[in-house]
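Reading the structure
The primary structure of each chain is shown beneath.
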Amino acid sequence: MRLTTWNVNSVRLRTGHLPALIEATRADVLCLQETKVIDEAFPRDAFAELGYRHQVIAGQKNHNGVAILSRLPIDKHASRVWCEREDCRHASITLENGIEIHDFYVPAGGDIPDPEENPKFAHKLAFLREMAAYFRKRRPRNAPIVLVGDLNVAPLENDVWSHKQLLDVVSHTPIEVALLGDVMKSYGFVDAVRRFVPPEQRLYTWWSYRAQDWAKSDRGRRLDHVWVSPALEGRLREAHVHKAARDWTPPSDHVPVTVEIEG
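To keep things clear, this report deals only with the structure shown in the data block. (Residues numbered from 1 in each chain as written. Predicted model: local features only at pLDDT ≥ 70, side-chain atom pairs only at ≥ 80, totals over all residues. Heavy atoms only, no water.)

The next subject is the nonpolar core. In terms of nonpolar packing, the biggest core is built from 57 residues, with Leu32, Phe42, Phe47, Leu69, Ile101 and Val146 touching the most fellow members. Ignoring any residue separated from it by four or fewer positions in sequence, one finds phenylalanine 47 in contact with Val11, Leu18, Leu30, Leu32, Phe42, Tyr52, Gln55 and Leu69. Judged by nonpolar contacts, the second largest core, of 23 residues, contains Val106, Leu179, Val183 and Tyr187. (Core = buried A, V, L, I, M, F, W, Y, C linked by side-chain atoms within 4.5 Å. Buried < 20%, exposed > 50% of the residue type's maximum accessible area, 1.4 Å probe, protein only. Contact = heavy atoms within 4.5 Å.)

It is worth spelling out the pattern of salt bridges at this point. The full count for this structure, using the stated rule, is twelve salt bridges. Across the pair arginine 138 and glutamate 100 runs a salt bridge, and its minimum N-O distance is 2.6 Å. In this pair, arginine 138 is assigned in the loop between helix H4 (119–136) and strand E8 (145–150) and glutamate 100 in strand E7 (residues 100–105), connecting sequence segments 38 residues apart. Here glutamate 100 falls in the buried class, since its relative accessible area comes to 15%. Across the pair arginine 237 and glutamate 262 runs a salt bridge whose closest N-O atoms are separated by 2.6 Å. Here arginine 237 is found in strand E13 (residues 236–241), whereas its partner glutamate 262 is found in the segment after strand E14 (257–261), with 25 residues between them in sequence. The class of arginine 237 is partly exposed, set by a relative accessible area of 37%. Bridged by salt links that share partners, the residues Asp159, Asp191, Arg194 and Arg222 form one connected network. (Salt bridge = Lys/Arg side-chain N within 4 Å of Asp/Glu carboxyl O. Helix = DSSP H or I, 4+ residues; strand = E, 2+ residues; numbered from the N terminus.)

That is the geometry; function is a separate question.
As structure tokens, then:
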């Protein structure tokens, strides 16, 4: 099973990229974030024509939104409300083979890394804490779970272009890194991509639109993640960050990330 996660930053703007996306990823399951469209206007037919006939959409106008598109049959699906806000930041499915997939779009958190001064940052911290609490309570403890999405935190030193300069920048602050670590530990999740790309190697999935030449400056961050529960760790086969997608026109500021899981 090949699974791809991508923050599309408006799915309707990226519909023309679908053939290239499928060719690059060969994904069985696509998990999208920041779709920015109500469910009724989601381009379902475009995905169905490419084989993704099983669809779970949770969207709203102009903001947020997630979608899971699958070639494989879906047995169950859900969309959970987090932090008592119905802002379409999560969807989950269970495939017929028993693998459970959670697609998250964690709040970005604004610009000021202080929950007292910045309600958006406070919301982000609360969201991460609630994620950890949810998975900590999950039973059974040995379920095959995949957690993917734009988690809006770059946890490792080489997940950002400058660890020292970004310590006070939202997405790489110590409190965000610690809380994301709590989410990971809550169910014993494994960082699937870093299982194949060592922590000593720089790895990014996001480059700001502000850079005139994003590739030359290469001031990226790894905000997009794929984690698996211990039940799936031994079935991981490969991982790939599709950096070339940053040059697709019009581009998302994020690129797709693909992981292959046996079975």
